[in-house]
Structures are given as structure tokens and as C-alpha cells.
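# Structural characterization, general
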Amino acid sequence: MANLSKERRDRMIAKLEELKLQHNDDASIAALNEIENALREKKYGLVWEQHSEAVDDMLKENIPVLIADPERRLCKDENLPWNFIIEGDNLQALYLLEKTHRGRVDCIYIDPPYNTGARDWKYNNDYVDGNDEYRHSKWLSMMRSRLVVAKRLLNPKDSVLIVTIDEKEYLHLGCLLEEMFPEANIQMISSAIKPSGSTRETQFSRVDEYIYFVMLGQAYPEDGYVDMLYDDAENVEVASVTWQGLRRRGSAGWKRENSPGGFYPIYISVTTGKLHSVGDAIPLGVDRNTVIAPEGTFCAWPLDPQGNEGRWQVKPERLREQLEEGTAFLSKYDIEKQTCSIKYLKDGDRNRVLGGEFDTNGRDSETGALIVVPKRLKNRRPKSMWLMKTHDASAYGTALLSKFIGVQKFSFPKSLYAVQDTIRFFVSKKPEAIIVDFFAGSGTTLHAVNLLNAEDGGSRRCIMVTNNEVSETEQKEFEARGVKKGDAEWEERGIAKYVTWPRTVCSINGVDVNGASINGEYFTTDSEGLPIQMSDGFKANVKYFKCDWTPRKPEDYLLSNALCLHVKELIELQTAREVDGVKQVLILSKSDYKRVFENPEAAASAENVWVNENLVFSSAEMSILREKNFRYIPREYFSQELKEVGEYV
């Protein structure tokens, strides 16, 4: 797409060159050169090259609409409000949300692409990498166009925009937010998301990221439960211990040769699935296949998903000791693949448990692990540096997501509890809050909203927007096989259908993608103080919509007829109710009216009625509609588009 700033500047400079030919005296040339220098110089403040997007070009000739996917609908309780997942370009979806939610949203939480230069996000259907000289301006153009609409969605009297970011763009983002929200109270905090650190060549190892809070009107962070990790005399309590995976992961130090003492077999019974014993470490150069497992067991080794030899985090004698005391346990195994997953406590947590800092409540009857009782500090003002174990993206993002949908389906998901805590500070006293996330990714935000509702019985609702892109690797693999975007195989592997929707369904139903019950508890309790079991799922409803287009100036039909086909989705989105044709009724034609109101049973069932205002009714029919407190389809849905083609006055 076009670089609009550069095109405009080039046109002006070209015009100056023409003027120099026409006015070539010294004074004119000096004046024109001064103008040219001013055009080329850097201005003070946030200045970047503006770019148009493919969606901008589509909007010139088309109107965005929504289409419901009848195969992706989950209803746990018809009396509860509906949540929504919208698949499509988020700018396209935001224009539709503006029709239904202008000034109504309590909280927008977004985790946009961080623009790391590692080809981790797309702009105009192509991945942006570190060699793109307009990488930063493309990112800023992309963000600004979306924030312009997002601002119109927020309730100006009391709402918050929350944006996560890292060091690559946080300065640019801060300037952009200051420019776009001059009336807001803006604060940036630092949140530790990977205590072990992410190695950066020639740089400090990064353990944190940043979160901008743009607080509008009366919005401010409420006091509440805050999981503390500060090891000083005043703040010594933490939410809970963190059970870590025993196999070493990460970008460095994970291979067998990095710690030969950490390469040893763990023997699992093939009949009971129980842990039989822990073998001894084998030296480098010894083939693991020469190790003979005790009869009736198989050897589980620390291998990565590709079968490469890695290592366990602790040596065998230490693991035996922790298994004995209950600070390590077998969490899962696979007899066919001959793999297992061991969870254990690292030194800090282990010492806190064994030292009595945490209470324990016996052992788990199946795994033998100590049941550690969580601790929480209540009613503390949140600080600007968050050091919370539950915000560890590896343990409570990647690992938690894998429990529901399997491994390696999404890179770098946020910790569920990090998102929950972040939005909790602004919606804890708003049990019917509307939360929007238009960079939904794996779907953590809706998961977090459902968990908040499970805590206090709220009926907050969430609208998530995500595209259905595949990864760059998958895209290349598909294209090599002739699979194109839009083909069924491509679409089913896109993030919306392959990650966001399955994660949402599984978390609500309390099962994994194979239908097996999810073991474990969330690190929180319900209104009665009881642990919330993952297997219980949530009382929540969710619908799946997809963005589409209809031409602004159709040749063969009236635009109003085409748009009527998409009114139902907008009503559902706006009201969080399902237009089922029984209790929630849409009257687009006189035949719709007759079907409902000339049938006494159907008429009695109708609770809310929306009517096409172009229909003409008799006084008797209007009287029946008034008894139902009917309302006309809101004009803001498509009135402007219809005016442009002369179909609405």
C-alpha cells in the first residue's frame, strides 16, 4: 500500500523544482530552497510516515458486515449474556463495533504485535521484518487507525484502555497515547512475565514488559487482591508456589551436553501409568537406547518435541528426594510416545514450603504432590512494578494453554492471571462491564473475564477480535503445496479457528480438545471461598462471527435489502442477546410480522421485538407492537451508508 506522507512530500518537492525553473532569480531560488529544507527536516514530536492499508481500500467501495458461524456457538445458560469472537481484520471489526458500542465500553485490553523485527506480524498481507525501513511507521499507522476508533468506543466518563508492549515500541506508543488521549490520566507500569529472563544478544536479559493504562474520566485502579513477590520484611506473602516443568526449556543451556548429570531415564509403569523409579545419569557418548528399563516399564527421557536430547532441571538424586517429600510429581505420561511430564518446585518455592511459610493440606491422592494452600494479601494498592509469580507467561500462559488445546499452537500467550489482574483493577466493581480485546490472539482475555465472573458471580461480557492468519512457516508450507488462503485447510489452521475458538470452548466446558476433563484448580476462589476447579468450566455463552463485505453501490439489488441480512448480528452484538425468533424477534417484513403476531403462542413468547422502520403497519398492528415495547432497528447501524446511495432520508 501507499506511503501517503512520502507521496505528498514528493509531490510538493517536485512542484518546487518546477517553480525553480520558472523563477530562477537568486531571491526566488533561496526562498524555494528554504521551503524544501523545511519539508525535508525532522519535526519535533512524534512524526512518522503514514501508510494506507488494504482494509482502507476495501472500505472505499464496500461496507463491513458480520456473518454468524452456525457451527461455532456455545450456550451454557440462555439467561446469561453472550460473549463474542469476531474473526476478521480488527479495523474492519472496530468500524462495526462503533455502530453498536460507541461510548459504552468499560475496558479495552489489547496485546498488539510488539514489532520485534522477527516477522511476527503482518501489514498489508506481508510480514514485516527488521529490514523494513518503514517498520516503525507502519506499526504506528496501524496502531493509530485502530486507536482512533477505540477511543470512540470507550465511555468517556469512566473507562480504561490497557495496552501491553515491550522495549521495541514503548517510547513510540507512549508518545502516540499522549497525543491521542490528552485528557486522560496515563501511567505505565512494569510487569515481570519471565523471571528466568529472555536472552538477548549483547543486551540485558529481559524479564519484564510494560503496560500502559489510559484512564478516562473517573477511572482509577481499585484496591484489591494483589499477589506479592517482594522478599522484604513488609511483603512476604505470595499467591502460591509455582510448579515448574522438569525438562529444561529455553534458548540456551537446554541440551544434554550442557549438563550431562541431568540426562537420565525416568521409568513409568506401562500398566498403571505410575512412576516406578528414577534412573541414574548416563555419561556423554553413551547411547540412551542401550539403557534397559525394569520389566513392565518404559524409559522417559528429556527430549524436545523434535526428539533432540535435552536435560532435566535437577540431577536424579535430587529428583528422588523431591518425589519422596511431595515437592515433585508425575503430572502426565504417554505410553505410546514414551514421554512423561514431571512438575517440581524450584529451590525458592521448595524452601518456603518445607520451611513452613506456606501451609499444606496433605497430599494429592493421585499424584502424591503436597497440596500447598495459597496466600494472598488483601486490599493493597497495586504498585507500578509487578513481581507476581502467577504472571509468569511460561507457567500460566504457554503451559496453561497447552492443557486445553495441546502444545505449540500459539507463541507467547499471556499469563491468564496477568490479564485477569490487569483488568480486575478497573472492573471489579462493575459486574456487568463490557470488555473488548481487538488483538485477541489465543483468547486469554475472555478466559480471564469468565474467571472474574466465576469469582464474584458477575455477568461481565467480552468481545474479542482476531484475524485467522497462519504462521509464516505454515504459510510457506501451504503455498508450496498449492494451498491458498480461503481454502478449507488454510482456514482451519488459522489462529481464530485453530486456537482462539478451541481454547474458549475448552475452558468453558472444562475439557481439553480431546474431550478429557482438565485437572487442576485456578489460583482463585469463588464467592463462597471455594477453589474454582478447571474441570467445572464456566457458565458462559459465546458466539462466533466473521467479518465480510457487501458493495456500497450494488448494481442488481437494493443496498438496504443486502444490509437487512446482517442486522441480526449487530442486534446480538449490541444487546448480548441471541435473536432466536422466539423470545428475541426481528421483524424485517410483513411476513415476519404475520409469522409471530398472527400466532397467539408465538406472540406470547416474544419478549423483545426489533422492527424495520420502512414497514407500514395498520393502527391495530401498531397497537400490538406497542404492547411488546418494540423498537426500530437502530439507525446508526447503516443509515449513513444508505444515505450515500439515496435509500435513506
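Residues numbered from 1 in each chain as written. Predicted model: local features only at pLDDT ≥ 70, side-chain atom pairs only at ≥ 80, totals over all residues. Heavy atoms only, no water.

## A look at the overall build of the protein
To keep it simple, the criterion reads: Secondary structure follows DSSP: runs of H or I at least 4 residues long count as helices, runs of E at least 2 residues long count as strands, and numbering of each begins at the N terminus. Between the two quantities, the radius of gyration covers C-alpha atoms and the globule rule is 2.2 Å times the number of residues to the power 0.38. Partly exposed describes any residue whose relative accessible area lies between the buried limit of under 20% and the exposed limit of over 50%, with all areas from a 1.4 Å probe on protein chains only and scaled to the type maximum. Here, two residues are considered to be in contact whenever any of their heavy atoms come within 4.5 Å of each other. Computed with a 1.4 Å probe, the accessible areas rest on the Shrake-Rupley method; for each residue, only the protein chains presented here act as cover. Charge assignment: positive for Lys and Arg, negative for Asp and Glu; neither His nor the chain ends contribute. All charge positions are set by atom: Lys at NZ, Arg at CZ, Asp at CG, Glu at CD.
Secondary structure assignment for the protein yields 20 helices and 27 strands. The C-alpha radius of gyration computed for the protein amounts to 29 Å, which stays within 12% of the reference 26 Å derived for 649 residues, consistent with globular compactness. When its C-alpha atoms are laid out on the principal axes, the protein stretches across 90 × 80 × 60 Å. Sorting the 649 residues of the protein into buried and exposed places 49% on the buried side. Taking the contacts inside the protein whose residues are at least 6 apart along the sequence as the reference set, 73% of them involve residues at least 24 apart. When the accessible surface of the protein is split by element, carbon and sulfur atoms take 49% of a total near 31,700 Å². A gap of 1 Å separates the mean positions of the 85 positive and 101 negative side-chain charges of the protein.

## Looking at the state of the cysteines
In plain terms, the rule: Count a disulfide wherever a pair of cysteine sulfur atoms falls within 2.5 Å.
Scanning the entire structure with this criterion turns up zero disulfides. You can see Cys75 has no disulfide; the closest cysteine sulfur is in Cys462, sitting 17 Å from it. The cysteine Cys564 is free of any disulfide, with Cys547 supplying the nearest cysteine sulfur at 19 Å.

## Points about the packing of aromatic side chains
Applicable threshold: Only Phe, Tyr and Trp rings take part, Trp by its six-membered ring, and two of them pair if their centres are within 6.5 Å. Stacked means planes under 30 degrees apart, edge-to-face means over 60, and tilted covers everything else. Charges are assigned to positions over rings by a cutoff of 6 Å between ring centre and Lys NZ or Arg CZ, combined with an angular limit of 35 degrees from the ring normal.
Under the defined criterion, the tally for this structure stands at 18 aromatic pairs. With centroids separated by 5.0 Å and ring planes inclined at 35°, the aromatic side chains of Tyr593 and Phe597 adopt a geometry described as tilted. Pair noted here: Tyr593 and Phe597 are both in helix α17 (residues 590-597), with a separation of four residues, about one helical turn. Overall, Tyr593 belongs to the buried group, its relative accessible area being 2%. Here the aromatic residues Phe213, Trp386, Phe425 and Phe426 are joined through ring pairs into a cluster of three or more. The ring of Tyr498 is capped by Arg493, whose NZ or CZ atom sits 4.4 Å from the centre of that ring. The lysine or arginine in question, Lys543, covers the ring of Trp82, its NZ or CZ lying 5.7 Å from the ring centre.

## Here we look at the nonpolar core
For clarity, the threshold we go by: Side-chain atoms within 4.5 Å link the members of a nonpolar core, which is a set of buried Ala, Val, Leu, Ile, Met, Phe, Trp, Tyr and Cys residues.
If you look at the biggest cluster of nonpolar residues, it comprises 66 residues, and the most contacted ones within it are Ile86, Ile108, Ile110, Met143, Leu161 and Phe438. In terms of residues, this core owes the most to one element, helix α5 (residues 135-153), which gives eight residues. Look past the residues within four positions of Met143 in its chain and what remains in contact with it is Ile110, Pro112, Val163, Leu173, Leu176 and Phe439. Listed in part, the 51 residues of the second largest apolar core include Ile162, Met464, Ile495 and Ala540.

## Digging into the environment of Ile268
Relative to the helices and strands, Ile268 resides in strand β11 (residues 266-269). In the structure, Ile268 is positioned 276 residues away from Tyr544 in sequence and 42 Å away in space, judged by C-alpha atoms.

## Description of the pairing of strand β16 (residues 360-363)
Spelled out, the test is: Should DSSP find at least two bridges between two strands, the strands are regarded as paired.
Pairing between β16 and strand β17 (residues 370-372): two bridges, direction antiparallel. Its bridge partner being in β17, Arg363 is matched across the sheet by Leu370.

## Topic: the confidence of the model for the protein
What counts is decided by this rule: pLDDT is a residue-level measure of predictor confidence that goes from 0 to 100.
Averaged over the protein, the pLDDT score is 89; the fraction of residues at 70 or greater is 95%. Segment residues 225-238 is flagged for pLDDT under 50; beyond a separation of four residues in sequence, or across chains, it makes 46 contacts in the model.

## Describing the packing of helix α1 (residues 4-22) against helix α2 (residues 26-40)
Rules: Every angle, taken between N-to-C directions, lies between 0 and 180 degrees, and every axis is a line fitted to C-alpha atoms, over only the stretch in contact when it is a helix. Should an angle fall under 35 degrees it is called roughly parallel, over 145 degrees roughly antiparallel, and 65 to 115 degrees roughly perpendicular, with every other angle called oblique. Each residue is assigned to one of three groups, with Ala, Val, Leu, Ile, Met, Phe, Trp, Tyr, Cys and Pro labelled nonpolar, Asp, Glu, Lys and Arg labelled charged, and all others, Gly among them, labelled polar.
Two numbers describe how α1 lies on α2: the axes approach to 10 Å, and their chain directions differ by 170°. Classed by the angle they form, the pair α1 and α2 counts as roughly antiparallel. Across from Arg9, Met12, Ile13, Leu16, Glu17, Leu19 and Lys20 in α1, the residues of α2 making contact are Ile29, Leu32, Asn33, Ile35, Glu36, Leu39 and Arg40. When grouped by side-chain class, the residues that make up the contact of α1 with α2 number eight nonpolar, one polar and five charged.

## A closer look at the sheet that holds strand β2 (residues 82-87)
Strands sit in the order β1-β24-β2-β21-β20-β3-β6-β8-β7-β19 across an open sheet of ten strands; the sheet is mixed. Because the sheet does not close on itself, it has two edges, and the strands there are β1 (62-74) and β19 (385-386). Where strand β7 (residues 185-192) lies against strand β8 (residues 208-217), eight bridges are found, and the strand directions are antiparallel. When the bridges of β8 are listed, Ile189 appears paired with Ile211. Sitting on the sheet, α5 touches β3 (107-110) and β6 (158-165), and the angle it makes with β3 is about 160°. Along the sheet, helix α16 (residues 567-575) makes contact with β1, β2, β21 (461-466) and β24 (541-551), crossing β1 at roughly 70°.

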